Amino acid sequence: MKLYVVGLGPGNFDQITPRALAAIEESDVIAGYTVYVDLIKENFPGKELLSTPMKQEVDRCKLAIEEALKGRTVAMVCSGDAGVYGMAGLIYELSQAYPPIEIEVVAGITAACSGAAVLGAPLIHDFAVISLSDLLTPYEQIEKRLDLAAQGDFVLCLYNPSSKKRSDYLQKACDIVLKSRGGDIVCGIVQNIGREGECGQVMPLSQLRNTQVDMFTTVFIGNSNTRNIGGKMVTPRGYRM
């Protein structure tokens, strides 16, 4: 009775860690959000597949736990890292209502890291990761976190920056940051990380405020020392040269 909670990384099969691949190979069942299961199913023929659509996370995790309780080895797959806005926490929470099973979280490459690599080196100093999605977090709390992180001069990495219902959330986030930082602060966006159509762009905060993004975009807002070096977004650590 074992349940792996596996981070698949940004999307490309070659960006899944060897440990994650081994965990999936050891499993009898692959469970996850339909989109993520579809990304990898051709590479694991013979595995039983269990998937649910978006917004059915609780049902999905319960299915995985219940399959493990049948004595099977299950891999619950998530994009990026399962412990960063993934299913690892929910699996542990729900598992309290069931007989004990062995749970192992297998790390993956989260969008903050894979996106940073596309842009250059924006996360070399202290940074904060904040999701702009208010599905599970009150928007007032998101605003407070943005404001305090901006005041603290953290580099900011923003997940879920926009959707059809939240088309102006990135603009609102930039306005909050602009209270503490100038419009010339170096920023960047990366779209479709690790997938077809991947692209990154470095720009000032004033331009970022008016840039259209979607749920497949990760946004980086530099601190007061972040620089544009040859078109790359770089945050110095402070080494003497």
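Calculation rules
Residues numbered from 1 in each chain as written. Predicted model: local features only at pLDDT ≥ 70, side-chain atom pairs only at ≥ 80, totals over all residues. Heavy atoms only, no water. Axes fitted to C-alpha atoms, helices over the stretch in contact; angles between N-to-C directions. Helix = DSSP H or I, 4+ residues; strand = E, 2+ residues; numbered from the N terminus. Parallel < 35°, antiparallel > 145°, perpendicular 65-115°, else oblique. Left-handed = near helix turned anticlockwise from the far one by under 90°. Contact = heavy atoms within 4.5 Å. Buried < 20%, exposed > 50% of the residue type's maximum accessible area, 1.4 Å probe, protein only. Arc of directions from axis to C-beta. Patch = residues over 30% accessible without salt bridge, like charges linked within 9 Å, V, L, I, M, F, W, Y side chains within 5 Å. Areas by Shrake-Rupley, 256 points an atom, 1.4 Å probe, with all protein chains shown as cover. Salt bridge = Lys/Arg side-chain N within 4 Å of Asp/Glu carboxyl O.

Peer 1: So what exactly am I meant to see when it comes to the packing of helix 6 (residues 139-151) against helix 7 (residues 169-178) here?
Peer 2: Running from N to C, helix 6 and helix 7 cross one another at 40 degrees; their axes reach a closest spacing of 9 Å. Between helix 6 and helix 7, the interaxial angle falls into the category oblique. For the pair helix 6 and helix 7, the crossing hand works out as right-handed. Here Tyr139, Glu143, Leu146, Asp147 and Ala150 of helix 6 lie close against helix 7, whose contacting residues are Tyr169, Lys172, Ala173, Ile176 and Val177.

Peer 1: Could you clarify how one ought to interpret helix 1 (residues 18-26) in this entry?
Peer 2: Taken residue by residue, helix 1 has Ala20, Ala23 and Ile24 as its buried positions. Burial along helix 1 is one-sided: seen end-on, the buried residues are contained in an arc of 95 degrees. Buried residues along helix 1 sit in contact with strand 1 (2-7), strand 2 (29-33), helix 2 (34-40), strand 4 (73-78) and strand 5 (102-106).

Peer 1: Help me out: how do you make sense of a nonpolar patch on the surface in this one?
Peer 2: A contiguous nonpolar patch, built from Tyr85, Phe127 and Val129 and spanning about 260 Å² of accessible area, is present on the exposed surface. With respect to the element layout, Phe127 can be found in strand 7 (residues 127-131). By relative accessible area, Phe127 is classed as partly exposed at 37%.

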